[in-house]
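Chain and residue survey
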Amino acid sequence: MGARGGSELDRGEIDVAGIRRSYWLARAPREPGQAAPPLLIALHGPDMDGRGMAWYTGLAERGPAAGITTVFPDGWKGAWHPGRAPGEEPELDDARFLTELANHVEGLGAARSWPVFLAGISQGARYAEHVARNGLLPVTGLFLVAGTALESSRRTVPVPQLRASMVLVMGTGDPTSPYGGGQLTRRGLSGRILKRRAIRHGERPGEDMVASAEAVVADWATANGTAGSRVARNGITGTGSIAGPSIEELPAVPGDLAVTRKVWARPGCHPATLYRIDGGGHGWPGGPHPRPARALGPVARHLDATGLLLDMAERETAIALGRPTTFDWSEIA
């Protein structure tokens, strides 16, 4: 069926633990005899569904155009559940849904079950991080926008169980998810609605605390083996890894927000990357901004989050499948 923006999406449903779960699928083109493409799973945020995520990110068109089948699952009543199932639906299991969805898409012939990439925005980003951190879905790459990690998840699993390429895109002026960590901000009428909804979906007191952007990327750098522990005077660890990140100010664009890129990387390891948007708000950089800037803050227009995501997926797919890649480690190592 036609989705917003003119792209083609197939809507489907699967049964997971007796609960019907829905999704939207954008298939990458595939020639006869050609191997199945990799799979990208994109998780929406609040007040959105999978189809809305497809439009918001442009991935319904750009994913398949890059040779990546992209699926947009619908959260149960618009939400994801990292802590526990809601009392209204005690058998609900979002992680199992994602696993069975990946297998289902492979069974359709639309994608291979590995490599798999997981992306999300806002609450979808926090849930994606929870899934990857706990090893609930074996992903090759993780891409988060406007959402870091739940402190409750970090306490249980301080170092992520997977090694995966990881990118976080986060604004320092996000009015809902603080860049430096702390309690999620839920102000005004919309904030009270979000709080009540979170409680209905199983959130308990204290479970609305999130980690700082810098801490989350450092966690993944540690898991990937790119964060050194024994630092010499020259900044190089005893194993030869870089003790701190490579830091680069991206070229400025007049009238737009400044962006700093921090990369923790070493040859043979998955990189962990942070794009810090100075004064950036809550949104998908380079995408539409349906709400007034005064509500969610400004979004960097020149930073193409969708392009960054697809670049990561294409690079990591090439590495996973033993294909040549143009990624130059000398730029950051």
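Residues numbered from 1 in each chain as written. Predicted model: local features only at pLDDT ≥ 70, side-chain atom pairs only at ≥ 80, totals over all residues. Heavy atoms only, no water.

**Concerning the packing of helix 4 (residues 123–133) against helix 7 (residues 213–224)**
The following threshold applies: Here, axes are lines fitted to C-alpha atoms. For helices the fit covers the stretch in contact, and angles between N-to-C directions go from 0 to 180 degrees. Comment: elements are numbered from the N terminus, with helices defined as DSSP H or I runs of at least four residues and strands as E runs of at least two. Each angle receives one of four descriptions, namely roughly parallel if under 35 degrees, roughly antiparallel if over 145, roughly perpendicular if within 65 to 115, and oblique otherwise. Definitions for this section: a left-handed crossing has its near helix turned counterclockwise from the far helix by less than a right angle. A right-handed crossing has that turn clockwise. Contacts are assigned to residue pairs that have any heavy atoms within 4.5 Å of one another. The classification used treats Ala, Val, Leu, Ile, Met, Phe, Trp, Tyr, Cys and Pro as nonpolar, Asp, Glu, Lys and Arg as charged, and all other residues, Gly among them, as polar.
One way to put it is that helix 4 packs onto helix 7 with a least axis distance of 13 Å and a crossing angle of 25 degrees. By the angle between their axes, helix 4 is roughly parallel relative to helix 7. Here the hand of the crossing between helix 4 and helix 7 comes out left-handed. Facing E129, A132 and R133 of helix 4, the residues of helix 7 in contact are V216, D219 and W220. In terms of residue class, the contact of helix 4 with helix 7 is made up of three nonpolar, no polar and three charged.

**Overview of the nonpolar core**
Our working rule: Buried Ala, Val, Leu, Ile, Met, Phe, Trp, Tyr and Cys residues that are joined via side-chain atoms within 4.5 Å together make up what is termed a nonpolar core. Working definition: with a 1.4 Å probe on protein chains only, accessible area under 20% of the residue-type maximum means buried, over 50% means exposed, and in between means partly exposed.
Among the nonpolar cores identified, the biggest contains 44 residues, and I41, L98, L118 and W220 are the most heavily contacted of them. Top element by residues in this core is helix 3 (residues 94–107). It accounts for six residues. Discounting residues that sit within four places of it in the chain, L118 has contacts with L40, I41, L43, L98, A128, V131, V139, G141, L142 and F143. Grouped together as the second largest cluster of nonpolar side chains are 33 residues, A54, A119, V259 and Y275 included.

**Some remarks on empty space enclosed by the protein**
Quick note on the threshold: Put simply, the grid is 1 Å and covers the protein atoms alone, a cavity is a trapped set of points that fit a 1.4 Å probe, a pocket is an open set with protein on both sides within 12 Å along at least five of seven lines, and lining residues have an atom within 4 Å of a point. Grid points are joined across faces, edges and corners, and a volume is the space filled by probe spheres set on the points.
Going through the model one piece at a time under the given rule, you end up with two cavities of 30 Å³ or more. Considered as a void within the structure, the largest cavity measures approximately 50 Å³ in volume. G171, I277, G281, G283 and P285 are the residues nearest the centre of the largest cavity, which is lined by 13 residues in total. In terms of residues, the lining of the largest cavity owes the most to one element, strand 7 (residues 165–171), which gives three residues. Taken together, the residues that form the lining of the largest cavity break down as nine nonpolar, four polar and no charged. Approximately 30 Å³ is the volume found for the second largest cavity. Lining the second largest cavity, in full, are V16, A17, I19, R21, E91, L92 and D93. A per-class count over the lining of the second largest cavity returns four nonpolar, no polar and three charged.

**A short note on helix 9 (residues 305–320)**
Put simply, the rule reads: Helix span, as expected, comes to 1.5 Å for every residue beyond the first.
If you check helix 9, its first and last C-alpha atoms are 22 Å apart, about what 16 residues at 1.5 Å a residue would give, namely 22 Å. Among all positions in helix 9, only A305, T306, G307, L309, L310, M312, A313, R315, E316, T317 and A318 are buried. On its buried face, helix 9 sits against strand 3 (39–43), helix 1 (50–57), helix 2 (59–65), strand 5 (116–121), strand 6 (141–145) and strand 7. Trailing helix 9 by a residue or two, G322 shows a phi angle of about 75 degrees, which is positive.

**Description of the pairing of strand 12 (residues 272–277)**
What counts is decided by this rule: In this description, strands pair whenever DSSP reports at least two bridges between them.
Of all six residues in strand 12, five are buried; the element is thus mostly enclosed. Sheet topology note: the strand 11 (residues 259–264)/strand 12 ladder contains six bridges and is antiparallel. When the sheet's bridge partners are listed, V259 is paired in strand 12 with I277.

**Quick notes on the pattern of salt bridges**
When their charged atoms lie close together, side chains carrying opposite charge are able to pair. As a reminder of what qualifies: A side-chain nitrogen of Lys or Arg and a carboxyl oxygen of Asp or Glu constitute a salt bridge if their distance falls within 4 Å.
With the rule as written, the count across this model stands at 14 salt bridges. Here R11 makes a salt bridge to E13, at a shortest N to O gap of 3.1 Å. Accessibility expressed as a relative area gives 44% for R11, which makes it partly exposed. Here E13 falls in the partly exposed class, since its relative accessible area comes to 37%. Between E316 and R315 there is a salt bridge whose closest N-O contact spans 3.1 Å. Comparing E316 with R315, the two get one shared label, buried. Each of E129, R133, E151, R154 and D219 takes part in one network of salt bridges that share partners.

**Considering unusual backbone geometry**
The residue after W114, namely P115, is reached through a cis peptide bond having omega 0 degrees. By the element assignment, P115 lies in the loop between helix 3 and strand 5. A positive phi angle, near 55 degrees, is found at A17, a position not held by glycine. Its location among the elements puts A17 in the loop between strand 1 (10–16) and strand 2 (19–26). Unusually for a residue other than glycine, A146 sits at a positive phi of about 55 degrees. Within the secondary structure, A146 is located in the loop between strand 6 and helix 5 (151–156).

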